[in-house]
Amino acid sequence: ILCLGDCQLQTPCRIQKCTTDFVSLTSHLNSALEGFDLEFCKALRAYSACTYHNSKVCRGNLVYHSAVLGISDLMSQRNCSKEGPTSSANPEVTHNPCNYSGHREVREHQVGEKTPPPTYLFCGLFGDPHLRTFKDHFQTCKVEGAWPLVDNNYLSVQVTNVPVVPGSSATATNKITIIFKSYQDCTDQKVYQAVTDDLPAAFVDGTTSGGNGNIKSLQIVEKDSGKYIEMHAKYIGTTVYIRRLGHYLTLAIRMPQELVMTYEESQDLQLCVNGCPSNERIDDSGHLPLPVMGQLRPHGGAAHPQLVYTLETATTKCHEKMLVKDIYFYSCVFDLLTTGDANFTAAAHSALQDVEALHPRKERWHIFPSSGGGGVVKSIEFFVGLGLVCLILVAFL
């Protein structure tokens, strides 16, 4: 009624679209890899340009003003220049075929159907050794010698385990071999090998990355020299952590479910996929048989003296690192009683940290022993109860 001249429809504020495009452009980036700042700044400039084009229609929108301030802060933090190349919101342009998330988006764009986000799976191996499978099953196994953890069309991971102490079937990992298989133009085959006294930050051919030119679709990042490295295989959306703690190694891996399941029938012996064979299990449905104190001694005798832990001192030692009494805590107690080596406390703690960093579902980070099957909890409760009974008998005698 009040419009007397040429009326125009009010153009809606599209700040949400600007933000969504920015998230899409940066969600696949990894700050630990080379080239992150360049791509992040390109995305920020595209975000800034989008907000500028919407400045008039978004003047009274608080989300818009918050976005403008946020862009300015991020540009300062990353030392991004206001002038320069910008990213395009077209997935066919922005995502290269050697990036797993980008490859999925291109495929989605071509097919024209929205596909659900990828499901990632986690597997870890540490300690004596304790295995967490891709199905979140927790097992303690012997598996002495060389065994495949992962063996599919994209990746092979093999571990070698050796006995830890005489008189016990417990073993620990002293060698890890990983083969990243050749994939299109993204990478040639790359082999990595770590052993007890050598955790290199390079593949066996001396290189630290795979891929052509500036696009490093596969890269090794050294986090702590000789103690902790990460591998990022962007082309298959896979991350691997390897740590050296004392004389042994630990491994954690996250990989897309659809790639984990791409293997032949002959490759079904994969500990991460199907767990340990029943005859290789030390635990009984989660129940860890605690050793008799003082019976077991580490290899080397007096040349490599170790502490002899009691149930009480082992529990106290593990509780220093892990406040939650989950399966990682009880694995720590088992390892200390078996070996007397405090490095296994750090191994259990680091394994839990790797879960928190790589496992996609927070509600599954902690696994607790089954109350129905007895498990480690009842085993420890039995020993504690037995100790109390002994004290009472001594007092009355």
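Residues numbered from 1 in each chain as written. Predicted model: local features only at pLDDT ≥ 70, side-chain atom pairs only at ≥ 80, totals over all residues. Heavy atoms only, no water.

In terms of helices and strands, the protein carries eleven helices and twelve strands. Per-residue burial over the protein gives 44% buried out of 397 residues. Sequence-distant contacts in the protein: of pairs separated by 6 or more residues, those separated by 24 or more amount to 58%. Entry remark: accessible area of the protein is about 20800 Å², with carbon and sulfur atoms responsible for 53%. (Helix = DSSP H or I, 4+ residues; strand = E, 2+ residues; numbered from the N terminus. Buried < 20%, exposed > 50% of the residue type's maximum accessible area, 1.4 Å probe, protein only. Contact = heavy atoms within 4.5 Å. Areas by Shrake-Rupley, 256 points an atom, 1.4 Å probe, with all protein chains shown as cover.)

L149, I178, Y192 and I242 are the most contacted members of the largest nonpolar core, which has 44 residues in total. It is strand β12 (residues 248-256) that provides the largest number of residues to this core, a total of four residues. If near-sequence neighbours (up to four positions away) are discounted, L149 is found in contact with L125, L131, V157, Q158, V159, L251, Q270, L271, C272 and V273. A314, F329, C332 and I367 belong to the second largest nonpolar core, which has 26 residues in total. (Core = buried A, V, L, I, M, F, W, Y, C linked by side-chain atoms within 4.5 Å.)

What follows is about a nonpolar patch on the surface. Together, L323, V324 and F368 make up a nonpolar patch on the protein surface, roughly 310 Å² of accessible area in all. Position of F368 relative to the elements: it lies in the loop between α10 (343-358) and α11 (375-396). (Patch = residues over 30% accessible without salt bridge, like charges linked within 9 Å, V, L, I, M, F, W, Y side chains within 5 Å. Salt bridge = Lys/Arg side-chain N within 4 Å of Asp/Glu carboxyl O.)

A separate point is the state of the cysteines. Applying the stated criterion across every chain, the model contains seven disulfides. With its sulfur 2.0 Å from that of its partner, C41 forms a disulfide with C80. Across the S-S bond of C41 and C80 the torsion is about -75°, and the bridge reads as left-handed. Taken together, the residues C41 in helix α2 (residues 36-53) and C80 in the loop between α3 (62-77) and α4 (91-94) connect sequence positions 39 residues apart. The pair C41 / C80 is uniform in exposure class, with both members buried. Each sulfur in the disulfide pair C123 and C272 lies 1.9 Å from the other. Residues C123 and C272 are joined by a disulfide whose S-S torsion is about -80°; by sign, that bridge is left-handed. Here C272 lies in helix α7 (residues 271-274) and C123 lies in strand β1 (residues 120-126), a separation of 149 residues in the sequence. (Disulfide = S-S within 2.5 Å.)

With that settled, the discussion passes to the sheet that holds β1. Here eight strands make up an open sheet; going across it, the order is β3-β2-β1-β12-β11-β10-β9-β8 and the pairing antiparallel. The outermost strands of the open sheet, each flanked by one partner alone, are β3 (138-140) and β8 (209-210). Inspection of the sheet shows strand β2 (residues 130-132) paired to β3 by three bridges, in the antiparallel sense. What sits directly across from R132, in β3, is F138. (Pairing = 2+ DSSP bridges.)

What follows concerns the pattern of salt bridges. In a structure, side chains of opposite charge can pair up when their charged atoms sit close to one another. Per the counting criterion, the structure on display carries nine salt bridges. R364 is the salt-bridge partner of D136, the closest N and O atoms lying 3.5 Å from each other. Of this pair, D136 sits in the loop between β2 and β3 while R364 sits in the loop between α10 and α11, and the two are 228 residues apart along the sequence. Overall, the relative accessible area of 15% leaves D136 in the buried class. Taking relative accessible area as the criterion, R364 reaches 36% and is therefore assigned partly exposed. One salt-bridge network, in which partners are shared between bridges, spans R132, D136 and R364.

Let us look at the packing of aromatic side chains. Inspection of the entire model under this criterion finds twelve aromatic pairs. Ring geometry for F22 against F40: centres 5.8 Å apart, planes inclined by 70°, an arrangement best described as edge-to-face. With F22 in helix α1 (residues 15-26) and F40 in helix α2, the pair connects residues that are 18 residues apart, well separated along the chain. On the basis of relative accessibility, which here comes to 11%, the residue F40 falls in the buried class. Their ring planes at 20° and their centres at 4.8 Å tell us that F22 and Y47 sit as a pair that is stacked. Here the residue F22 occupies a position in helix α1, and Y47 occupies one in helix α2, the gap between them amounting to 25 residues. Across the pair, Y47 and F22 agree in class, each one buried. Three or more aromatic residues link up through ring pairs in this structure, and these residues are F22, F36, F40 and Y47. Here the guanidinium or amino end of R78 rests over the ring plane of F40, the centre of that ring lying 5.8 Å away. (Phe/Tyr/Trp six-rings, centres within 6.5 Å; stacked < 30°, edge-to-face > 60°. Lys NZ or Arg CZ within 6 Å of the ring centre and 35° of its normal.)

Right, let's talk about the side chain of N54 for a bit. Checked against the element boundaries, N54 lands in the loop between α2 and α3. For N54, a relative accessible area of 8% gives the class buried. Only 2.8 Å separates the side chain of N54 from the backbone oxygen of C50, close enough to count as a polar contact. When neighbours within four sequence positions are excluded, N54 is seen to be in contact with P12, C13, R14, C18 and Y64. (Polar contact = N/O pair within 3.5 Å; in protein donor to acceptor, adjacent residues only side chain to side chain.)

Further remarks concern α1. Its twelve residues give α1 an end-to-end C-alpha distance of 17 Å, which sits within 8% of 16 Å, the value for a rise of 1.5 Å per residue. Along α1, the residues that are buried comprise I15, C18, F22, L25 and T26. All buried residues of α1 project into a common sector of 90° when viewed along the axis, lining one side. (Expected span 1.5 Å × (residues − 1). Arc of directions from axis to C-beta.)

This part is about the packing of helix α9 (residues 327-339) against α10. Between α9 and α10, the least distance of the axes is 8 Å, while the angle of their chain directions is 160°. Considered as vectors, α9 and α10 are oriented roughly antiparallel to each other. Crossing handedness for the pair α9 and α10: right-handed. Taking contact as the criterion, the partners of Y328, C332, D335, L336 and T339 in α9 are, on α10, F344, T345, A348, A351, L352 and V355. Of the residues in the contact of α9 with α10, the class split is eight nonpolar, two polar and one charged. (Axes fitted to C-alpha atoms, helices over the stretch in contact; angles between N-to-C directions. Parallel < 35°, antiparallel > 145°, perpendicular 65-115°, else oblique. Left-handed = near helix turned anticlockwise from the far one by under 90°. Nonpolar A, V, L, I, M, F, W, Y, C, P; charged D, E, K, R; others polar.)

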